[in-house]
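Residues per chain, in single letters:
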Amino acid sequence: MASNITSVCIAIIGKDNSPLYIATSDLDRELELHYSVHASLDIIEEKCLPASGKQTVDSRDLYLGMLYSTETDKIYGYVTNTKTKFIIVIDSSNSSLRENEVRSMFRNLHILYTDAVCNPFYTPEEPLISKAFDKSVRNIMAGNV
C-alpha cells in the first residue's frame, strides 16, 4: 500500500538524545529541519516523563501523535520501548494527511530500524550509515512504502 504522504525529514534519535540518523529531502531547508527535530525532543520528553506520579501518555502506545506545528511543517513523534525516538516532519500544505498513514510510516520505520540494529556488525547507539537503510528510509519519505 503506497501512502500519498511525503515527508521532508525523518530522524532517529538515540535514548541519550544523540542523532543516529537524519534524512532531509529539501537541502535548502536542511538546517531549519534539523532545528525542528531537535526542538521536538523537549516535547517528547514532556510527553514521556511522569508528571506528579502519572504518565502523560499510555506506555503501551509508542505513537505520540503530532508534537507541534509550524507555518511550514507538522512534526510527529514516536518512541520505542528502548527510548529511541523517531521524528517525522511533514509539509503543512499536505491536505490529505491522515493519522493512520502517519502511524503506518512510523511502523515501517520501526521495522527498518529494528532490522538495521539487529545486524551483528552494528554498534549500539552509533549513527546508522547503511546505504540500504538510507534507501529504504528515503522510500518511506517519498511515500512509496
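If you check an unreviewed UniProt entry, the protein appears there as Trafficking protein particle complex subunit 2-like protein from Phlebotomus papatasi. The UniProt entry for the protein carries this comment under Subcellular location (unreviewed entry): "Cytoplasm, Perinuclear region". UniProt lists a comment for the protein under the heading Sequence similarities (unreviewed entry), and it reads "Belongs to the TRAPP small subunits family. Sedlin subfamily."

Engineer: Would you take a moment to explain the side chain of Ser 7 for this structure?
Structural biologist: Positionally, Ser 7 belongs in strand E1 (residues 7-13). When its relative accessible area of 4% is taken as the criterion, Ser 7 is described as buried. Contacts of Ser 7, omitting those with residues within four sequence positions, involve Ser 25, Ile 88, Val 89, Ile 90, Met 105 and Met 141.

Engineer: What is the right way to read the nonpolar core from this model?
Structural biologist: Generally speaking, a soluble globular protein has its nonpolar side chains buried in company with each other. The biggest cluster of nonpolar side chains holds 25 residues, and the ones touching the most others in it are Ile 12, Phe 106, Leu 128 and Phe 133. Where this core is concerned, the elements lending two or more residues are E1, strand E2 (19-24), strand E6 (73-79), strand E7 (85-91), helix H2 (99-117) and helix H3 (131-141). Ranked by residues supplied to this core, first place goes to H2 with seven residues. The contact partners of Phe 106, leaving out residues within four places of it in the chain, are Tyr 63, Tyr 76, Gly 77, Tyr 78, Phe 86, Ile 87 and Ile 88. Of all hydrophobic cores here, the second largest spans 15 residues; its members include Ala 11, Leu 64, Val 79 and Val 89.

Engineer: Any chance you could explain unusual backbone geometry here in plain terms?
Structural biologist: Most peptide bonds take the trans form, and the phi angle of most residues other than glycine is negative. Unusually for a residue other than glycine, Lys 83 sits at a positive phi of about 70 degrees. Considering the arrangement of structural elements, one finds Lys 83 in the loop between E6 and E7. With relative accessibility at 48%, the residue Lys 83 sits in the partly exposed group. Backbone geometry places Glu 125, a non-glycine residue, at a positive phi of 65 degrees.

Engineer: When you look at the pairing of strand E5 (residues 63-69) in this model, what are you seeing that I'm missing?
Structural biologist: As a general feature of sheets, a regular strand has side chains that alternate between the two faces. Counted residue by residue, E5 has five buried out of seven residues, so it is predominantly covered. Pairing between E5 and E6: five bridges, direction antiparallel. When the sheet's bridge partners are listed, Ser 69 is paired in E6 with Lys 74. Linking E5 to E6, which pair antiparallel, is a turn of three residues.

Conventions used here
Residues numbered from 1 in each chain as written. Predicted model: local features only at pLDDT ≥ 70, side-chain atom pairs only at ≥ 80, totals over all residues. Heavy atoms only, no water. UniProt positions renumbered as here; feature names shortened; annotations may be inferred. Helix = DSSP H or I, 4+ residues; strand = E, 2+ residues; numbered from the N terminus. Buried < 20%, exposed > 50% of the residue type's maximum accessible area, 1.4 Å probe, protein only. Contact = heavy atoms within 4.5 Å. Core = buried A, V, L, I, M, F, W, Y, C linked by side-chain atoms within 4.5 Å. Pairing = 2+ DSSP bridges.

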